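Breakdown of the fold
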Amino acid sequence: DAGITQSPRHKVTETGTPVTLRCHQTENHRYMYWYRQDPGHGLRLIHYSYGVKDTDKGEVSDGYSVSRSKTEDFLLTLESATSSQTSVYFCAITTGPEYGYTFGSGTRLTVV
Amino acid sequence: EDKVVQSPLSLVVHEGDTVTLNCSYEVTNFRSLLWYKQEKKAPTFLFMLTSSGIEKKSGRLSSILDKKELFSILNITATQTGDSAIYLCAVGDGTSYDKVIFGPGTSLSVIP
């Protein structure tokens, strides 16, 4: 969809292990975002990027880090996974102000 | 603190009914209001509203914004089972990174 893919689609990991989720876009968009979605909370911004090596924190950034070494890739790392980080993670790009965000298909992460 | 509130949180209707979904917001630097539909996967964009009183329509869906009272409604007429989804309201913040604040969503179920 609109050149944005996430990997993996599903992952189960153990508490305390590091996990990296990948978002890849082919649209050359400057802005990329990582959200998590949980029942009752909607989508909450974790981190965002406005260019290569330019990233900043969102509202729920604790326990997460990001990197963007190339325009097309935005990586989200859970440094030491906890059960509270069990969630569905969405990457998004902005295609233009009249279209809002375009989302990737999501990664369902379970921390056991 | 910026926030977006949606009501109701869930709704069950019969096919053919008309539904109205509500979204109110408190955002310091309002830029736009967006509606998304989320079925099983990623949210998909429906509308973006920036001006009060101008209705946007797409088939059986329509939406309008009231910037004075800080709310928007999404109407769906002659509902069909395919309209069953979570409807997300989001408000664009006028900061440089196209920040978007999401509401918790309204879960709509349309039964035959």
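This section reports on the structure supplied with the text. None of the values given here were measured: they were computed from a predicted structure. (Residues numbered from 1 in each chain as written. Chains lettered and ligands numbered in written order. Predicted model: local features only at pLDDT ≥ 70, side-chain atom pairs only at ≥ 80, totals over all residues. Heavy atoms only, no water.)

1. Some remarks on the overall build of chain A
Rules: Secondary structure elements are taken from DSSP: a helix is a run of H or I of four residues or more, a strand is a run of E of two residues or more, and numbering for both begins at the N terminus. Each radius of gyration reported is based on C-alpha atoms, and the globular scaling rule is 2.2 Å times the count of residues to the power 0.38. In this scheme, a residue with accessible area under 20% of its type's maximum is buried, one over 50% is exposed, and one in between is partly exposed, where area comes from a 1.4 Å probe on protein chains only. Contacts were defined at the residue level, with two residues in contact if any of their heavy atoms lie within 4.5 Å. Just so you know, the count uses Lys and Arg for positive and Asp and Glu for negative, and it drops His and the chain ends. The atom standing in for a charge is NZ when the residue is Lys, CZ when it is Arg, CG when it is Asp and CD when it is Glu.
Helix and strand counts for chain A stand at 0 helices and 11 strands. Reading the helices (α) and strands (β) of chain A from amino to carboxyl end gives β-β-β-β-β-β-β-β-β-β-β. Relative to the 2.2 N^0.38 estimate, which gives 13 Å for 112 residues, the radius of gyration of chain A is 13 Å and therefore close to what a compact globule would have. Principal-axis analysis of the C-alpha atoms places the extent of chain A at approximately 40 × 30 × 25 Å. Of all 112 residues assigned to chain A, the portion counted as buried reaches 48%. Restricting to contacts in chain A with at least 6 residues of sequence separation, those with at least 24 account for 53%. Taking the average location of the 11 positive side-chain charges in chain A and that of its 12 negative ones, the two points are 3 Å from each other.

2. Regarding the interface of chain A and chain B
What counts is decided by this rule: Note on definitions: buried area is the accessible-area loss of two parts on being combined, 1.4 Å probe, summed for both. Salt bridge, as applied in this entry: a Lys or Arg side-chain nitrogen positioned within 4 Å of an Asp or Glu carboxyl oxygen. Here a polar contact is taken to be a pair of N or O atoms separated by no more than 3.5 Å, where protein atoms must pair a possible hydrogen donor with a possible acceptor and residues adjacent in sequence count only if both atoms sit in side chains. Polar here means any residue other than Ala, Val, Leu, Ile, Met, Phe, Trp, Tyr, Cys and Pro, which are nonpolar, and Asp, Glu, Lys and Arg, which are charged; Gly is therefore polar.
Facing 21 residues of chain A, the contacting portion of chain B comprises 17 residues. Summed over the three residues of chain A that lose the most area to chain B, namely L43, Y101 and F103 of chain A, the buried surface amounts to 28% of that side. Linking chain A to chain B there are 0 salt bridges. Scanning the region where chain A abuts chain B turns up 3 residue pairs in polar contact (both at pLDDT 80 or more). Sorting the residues of the side of chain A that touches chain B by element identifies β4 (32-38), β5 (42-51), β9 (87-96) and β10 (100-103) of chain A as the ones contributing at least two each. At 4 residues, the largest contribution of residues to the side of chain A that touches chain B is made by β5 of chain A. Of the residues assigned to the side of chain A that touches chain B, the class counts are 11 nonpolar, 8 polar and 2 charged.

3. Some remarks on the side chain of D83 of chain B
All names here are of chain B. Looking at where D83 falls in the secondary structure, it is placed in the loop between β8 (71-76) and β9 (85-93). Assessed through its relative accessible area of 5%, D83 is described here as buried. The contacts of D83, once residues within four sequence positions are left out, are K37, R60, I76, L108 and V110.

4. A look at the packing of aromatic side chains
Aromatic rings in a pair are described by how distant their centres are and how their planes are angled relative to each other. For clarity, the threshold we go by: Classification of ring pairs rests on two measures: the distance between centres of Phe, Tyr or Trp rings, Trp counted by its six-membered ring, which must be within 6.5 Å, and the angle between planes, read as stacked under 30 degrees, edge-to-face over 60 and tilted in between.
Following the criterion strictly, the structure yields 14 aromatic pairs over all chains and no others. Judged by centre distance (5.7 Å) and plane angle (85°), the ring pair of F103 of chain A and Y36 of chain B falls under edge-to-face. Linking F103 of chain A in strand β10 with Y36 of chain B in strand β4 (residues 30-38), this pair reaches from one chain into another. Between Y36 of chain B and F45 of chain B, the aromatic rings sit 5.8 Å apart at their centres with planes inclined by 75°, giving edge-to-face as the arrangement. Under the relative-accessibility criterion, Y36 of chain B is labelled buried at 0%. Look at F45 of chain B and you get partly exposed, because its relative accessible area is 25%. Site record: aromatic cluster; members linked through ring pairs are Y33, Y35, F90, Y101 and F103 of chain A together with Y36, F45 and F102 of chain B.

5. A look at the nonpolar core
Residues and elements named next belong to chain B. In plain terms, the rule: What is meant by a nonpolar core is a set of buried Ala, Val, Leu, Ile, Met, Phe, Trp, Tyr and Cys residues, joined one to another through side-chain atoms within 4.5 Å.
By size, the foremost hydrophobic cluster in this structure holds 22 residues, and its most contacted members are V4, Y25, L33, W35, Y87 and L108. Of all the secondary-structure elements, those providing two or more residues to this core are β3 (19-26), β4, β5 (44-49), β7 (61-66), β8, β9 and β11 (106-111). Apart from the residues within four sequence positions on either side, Y87 is in contact with Q6, L21, Y36, K37, L46, L74, I76, G105, T106 and L108.

6. Considering the pairing of strand β3 (residues 19-25) of chain A
Residue and element names in this part refer to chain A. Spelled out, the test is: When DSSP locates at least two bridges between a pair of strands, those strands are taken to pair.
Along β3, the buried face is formed by V19, L21, C23 and Q25; none of T20, R22 and H24, which line the opposite face, is buried. Note: strand β1 (residues 4-7) against β3, 4 bridges, orientation antiparallel. Paired with T5 across the two strands is H24, which belongs to β3. Direction of pairing for β3 relative to strand β8 (residues 73-78): antiparallel, over a ladder of 6 bridges. Counterpart to R22 in the pairing with β8 is L75.

7. Thoughts on the sheet that holds strand β6 (residues 56-58) of chain B
Within a sheet, adjacent strands bond to each other through the backbone by hydrogen bonds, running parallel or antiparallel. Residue and element names in this part refer to chain B. The criterion, for reference: Axis angles are defined between N-to-C directions and span 0 to 180 degrees, where every axis is a line fitted to C-alpha atoms and, for a helix, only to the segment in contact.
Taken in spatial order, the 5 strands line up as β1-β3-β8-β7-β6 in an open sheet, and their pairing is antiparallel. Single-partner strands in this sheet number two, and they are β1 (3-7) and β6. Across the sheet, the mean angle from the axis of one strand to that of its neighbour is 15°, orientation sign disregarded. As defined by bridge partners, β1 adjoins β3 across 5 bridges and the pair is classed as antiparallel.

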